[in-house]
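# Observations on the model geometry
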Amino acid sequence: DTEVTQTPKHLVMGMTNKKSLKCEQHMGHRAMYWYKQKAKKPPELMFVYSYEKLSINESVPSRFSPECPNSSLLNLHLHALQPEDSALYLCASSQEGTRLTDTQYFGPGTRLTVL
Amino acid sequence: AQKVTQAQTEISVVEKEDVTLDCVYETRDTTYYLFWYKQPPSGELVFLIRRNSFDEQNEISGRYSWNFQKSTSSFNFTITASQVVDSAVYFCALSDSISSGSARQLTFGSGTQLTVLP
């Protein structure tokens, strides 16, 4: 059973809506990640938080806004999305984020549809 | 630059057949880690194995086995006596010391869709 949980499982939103994706991990990890995955493609890294600080922002549009309230929680705030943002959004966590040996553990994902 | 190639886009086998998924990687580092993940239709990426560049011993876990060969930069994954539940997309990934910022990143291959037919 995964120890990384994500809510909601599915989300449908209009282009003018504001919504948030939530991720929680219960493994005591200090690094958390957001990925976007389109159909038949590998996951693409969006953001990395290490020790609650934004470590990597892979040139993601500002309509995606991450937040890390504490080392167990990670949010992704969505605003004014486009239909091409429809994808599976995956959250992951790892022990520290800086170590070569870190293994990322993924949550079940949120399937987002933007109308 | 790092690169992971999974040349097999889709593979179909009949249940109980053995199947091997290929993974070839490129890195300039001598220290790196390789991973395999399974993604069933439900969407979650499930971690299967991590192997470091200094350990070329093959590994077996139940019906799964992994063959790591540094000489050919390959880390292949074999499922013995495949089952319908093995149907999924399988990703090979690389983590090395070349990183952006202060966190390590995974370089994923494009994935192999495995379909096991009953």
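This text follows the structure it describes.
A brief look at the structure comes next. (Residues numbered from 1 in each chain as written. Chains lettered and ligands numbered in written order. Predicted model: local features only at pLDDT ≥ 70, side-chain atom pairs only at ≥ 80, totals over all residues. Heavy atoms only, no water.)

Core analysis: the largest hydrophobic core is formed by 23 residues, its most contacted members being Trp36, Phe77, Tyr90 and Leu114 of chain B. Those elements giving two or more residues to this core turn out to be strand S2 (10–14), strand S3 (19–21), strand S5 (32–39), strand S8 (64–69), strand S9 (74–79), strand S10 (88–96) and strand S12 (112–117) of chain B. Of all the elements, S10 of chain B adds the most residues to this core, at four residues. For phenylalanine 77 of chain B, the contacting residues outside a window of four places in its chain are Val19, Thr20, Leu21, Trp36, Leu48, Tyr64, Ser65, Trp66 and Tyr90 of chain B. Within the second largest apolar cluster, 22 residues are counted, among which are Met13, Phe47, Phe64 and Val114 of chain A. (Core = buried A, V, L, I, M, F, W, Y, C linked by side-chain atoms within 4.5 Å. Buried < 20%, exposed > 50% of the residue type's maximum accessible area, 1.4 Å probe, protein only. Helix = DSSP H or I, 4+ residues; strand = E, 2+ residues; numbered from the N terminus. Contact = heavy atoms within 4.5 Å.)

Interface size is commonly expressed as the accessible surface area that is lost when the partners come together. Of the residues lining the interface, 27 residues belong to chain A; the matching set on chain B comes to 26 residues. Both sides together, the interface formed by chain A and chain B hides about 2100 Å², and carbon and sulfur atoms give 55% of it. Linking chain A with chain B are zero salt bridges. For the side of chain A that touches chain B, the elements supplying multiple residues, two or more each, are strand S4 (31–37), strand S5 (44–50), strand S6 (53–57), strand S9 (87–94) and strand S10 (105–106) of chain A. Of all the elements, S4 of chain A adds the most residues to the side of chain A that touches chain B, at three residues. Considering only residue class, the side of chain A that touches chain B consists of 13 nonpolar, nine polar and five charged. (Buried area = accessible area lost by both parts, 1.4 Å probe. Salt bridge = Lys/Arg side-chain N within 4 Å of Asp/Glu carboxyl O. Nonpolar A, V, L, I, M, F, W, Y, C, P; charged D, E, K, R; others polar.)

This part is about the pattern of salt bridges. All names here are of chain A. Evaluated as defined, the whole model comprises six salt bridges over all chains. Of the charged contacts, one joins glutamate 52 and arginine 30 as a salt bridge, the two residues approaching to 3.4 Å between their closest N and O atoms. Of this pair, glutamate 52 sits in the loop between S5 and S6 while arginine 30 is found in the loop between strand S3 (18–25) and S4, placing the two residues 22 residues apart along the sequence. When the shortest N-O distance is used, the salt bridge between aspartate 85 and arginine 63 registers 2.7 Å. Taken as a pair, aspartate 85 in the loop between strand S8 (73–79) and S9 and arginine 63 in the loop between S6 and strand S7 (64–70) lie far apart in primary sequence, 22 residues in all. For aspartate 85, a relative accessible area of 2% corresponds to the buried category. Through salt bridges with shared partners, one network takes in Lys36, Arg63 and Asp85.

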